[in-house]
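Each chain is listed here by its residues.
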Amino acid sequence: MAERRSGAAEGLARFSEWADAHLSLLRSLSAGMAVAGLLVLARSVRMTAKFTSALDIPVEFVEKNVKLRGKLHRVTEKGLEVEHIPISIPFITSIQRKWQSKGLLLVRLAGVELAPSGMAWLQQELKPEQMIWFQLLGREDLALDCLVLVNKSRFLSMCLNEELLRQGLGRTARIEGLHHDSRLYWKLHKRLLRAELKALKKNKGIWKEERYSERIRDRISNNKFVQTLKQFASWLRSSIQR
C-alpha cells in the first residue's frame, strides 16, 4: 500500500516538474483555447443576429451566397418586404433580443423582369407571415437580389424566380450582384432561361399575348386593302420626289 502511495506521489511530482518547465506552453495553449472560444462565440452571434437592413448583412455573407430565412410581410412593386428570422441558439438569442432593432429587408427576385401579371400572381400565391428562404446573390443600396424559395410540402420547395418565368409572368434579366463571367452566374442564368423557354414553347402568359399581337399584325399586313394603301403611298412618294 505504501509503495502505491509513493508511486502516485512520485508521478505527481514529475507532472509538477513538467508543468513548471513548460509553463509558457501551457499559458499559450490556454490563451489559444480562449481565443478560439471567442471566435466561435463571435461567429455564433453573427449567425444568430437579426438583420433589419441590407447594410447590416456582412459582406462575406453576400460573397458566399448565404441562404437566410425570413417571414414575408408584403409584396410591393419594388420587391418582397421580409422580416429576417435568424438561427435560434439558447442563451445567445435571448440576450440579443433585448437590443435587436426592428426593420424589414427588401428582397428582389434576381434575374427576373416582372410583368404586371407576375406581380398579381405573387400577391395571390404568397401569404402574409409565410416563411421563405432567400439566397443572397447581390446587394444594391438597401435592396437584396436573391433566389427566393418557398416550401410547397415537407420535402418539396419552389424557386419563385424560375416559377415566374415558367408561367410566362416575366422575362429573364441580368443577375445583379454576380460577376458576368462567373460560373455561378451562368449556372443560374441557364436555369432561368430554360424556365422561360418552357413558357415560350407553351405560349404561356406574356408569350401568349405577344403571339396574339403578332397574328393580328400579320393579318393586317396581309389584308388586300392595306396592301393597296401601301402601294398608293409608295406611288405618291415617288411622284413627289420627281
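Residues numbered from 1 in each chain as written. Predicted model: local features only at pLDDT ≥ 70, side-chain atom pairs only at ≥ 80, totals over all residues. Heavy atoms only, no water.

J.: Tell me about the overall build of the protein chain, and name the residues and values.
T.: Per the secondary structure count, the protein chain includes nine helices and eight strands. Buried residues in the protein chain amount to 30% of all 242 residues. Considering only residue pairs separated by 6 or more positions, the protein chain has 66% of its internal contacts joining residues 24 or more positions apart. Element-wise, carbon and sulfur atoms account for 57% of the exposed surface of the protein chain, whose accessible area totals about 16800 Å². (Helix = DSSP H or I, 4+ residues; strand = E, 2+ residues; numbered from the N terminus. Buried < 20%, exposed > 50% of the residue type's maximum accessible area, 1.4 Å probe, protein only. Contact = heavy atoms within 4.5 Å. Areas by Shrake-Rupley, 256 points an atom, 1.4 Å probe, with all protein chains shown as cover.)

J.: Tell me about the pairing of strand 3 (residues 105-109), and please be specific about residues and values.
T.: Every second residue of strand 3 is oriented toward a common face, the buried set being Leu105, Val107 and Leu109 and the non-buried set Leu106 and Arg108. Here four bridges tie strand 3 to strand 6 (residues 143-151), and the two strands are oriented parallel to one another. Bridging across to strand 6, Leu106 finds its partner in Ala143. (Pairing = 2+ DSSP bridges.)

J.: Describe the packing of aromatic side chains, with residues and values.
T.: Scanning all chains against the criterion turns up two aromatic pairs. Judged by centre distance (5.9 Å) and plane angle (85°), the rings of Phe51 and Phe61 are edge-to-face. On the criterion of sequence distance, the pair formed by Phe51 in the loop between helix 2 (23-48) and helix 3 (59-63) and Phe61 in helix 3 is long-range, its members being ten residues apart. You can call Phe61 buried: its relative accessible area is 9%. (Phe/Tyr/Trp six-rings, centres within 6.5 Å; stacked < 30°, edge-to-face > 60°.)

J.: Summarise the pattern of salt bridges; cite the residues concerned and give the values.
T.: Across all of its chains, the model carries ten salt bridges by this definition. Each of Lys50, Lys71, Glu83 and Glu129 takes part in one network of salt bridges that share partners. (Salt bridge = Lys/Arg side-chain N within 4 Å of Asp/Glu carboxyl O.)

J.: Describe the nonpolar core, and please don't skip the residues or the numbers.
T.: In terms of nonpolar packing, the biggest core is built from 41 residues, with Leu80, Phe134, Leu136, Val148 and Leu160 touching the most fellow members. With five residues, strand 6 is the single largest residue contributor to this core. Apart from the residues lying within four places of it in its own chain, the contact partners of Val148 are Leu80, Val107, Leu109, Ile132, Trp133, Phe134, Met158, Cys159, Leu160 and Asn161. (Core = buried A, V, L, I, M, F, W, Y, C linked by side-chain atoms within 4.5 Å.)

J.: Summarise a positive patch on the surface; cite the residues concerned and give the values.
T.: A contiguous patch of positive charge, built from Lys190, Arg194, Lys198 and Lys202, is present on the exposed surface. Its place among the elements puts Lys198 in helix 7 (residues 183-201). (Patch = residues over 30% accessible without salt bridge, like charges linked within 9 Å, V, L, I, M, F, W, Y side chains within 5 Å. Lys, Arg positive; Asp, Glu negative; His and termini not counted. Charge placed at Lys NZ, Arg CZ, Asp CG, Glu CD.)

J.: Describe helix 5 (residues 116-125), with residues and values.
T.: Here helix 5 has its buried residues at Gly118, Met119, Trp121 and Leu122. In an axial view of helix 5, the angular spread of the buried residues amounts to 160°, which keeps them on one side of the axis. For helix 5, the exposed residues set more than 90 degrees away from the buried face come down to Pro116 and Gln124. Where helix 5 is buried, its residues contact strand 1 (67-75), strand 3, strand 4 (112-114), strand 7 (157-159) and helix 6 (160-166). (Arc of directions from axis to C-beta.)

J.: I'd like a description of helix 7, backed by residues and values.
T.: For helix 7, which comprises 19 residues, the first-to-last C-alpha distance of 27 Å matches the rise-based estimate of 27 Å (1.5 Å per residue) to within 8%. Those residues of helix 7 that sit buried are Tyr185, Leu188, His189, Leu192, Ala195, Glu196 and Ala199. Buried residues of helix 7, viewed axially, fall in a sector of 125°; they line one side. Those residues of helix 7 that are exposed and aimed more than 90 degrees away from the buried face are Arg183, Lys187, Lys190, Arg194 and Lys201. (Expected span 1.5 Å × (residues − 1).)

J.: Can you explain the environment of Ser157? Please cite residues and give values.
T.: Mapped onto the fold, Ser157 is located in strand 7. On the basis of relative accessibility, which here comes to 48%, the residue Ser157 falls in the partly exposed class. Spatially, the C-alpha atoms of Ser157 and Ile132 are 9.8 Å apart, while their sequence positions differ by 25 residues. Setting aside residues up to four positions removed in sequence, Ser157 forms contacts with Val150, Asn151 and Lys152.

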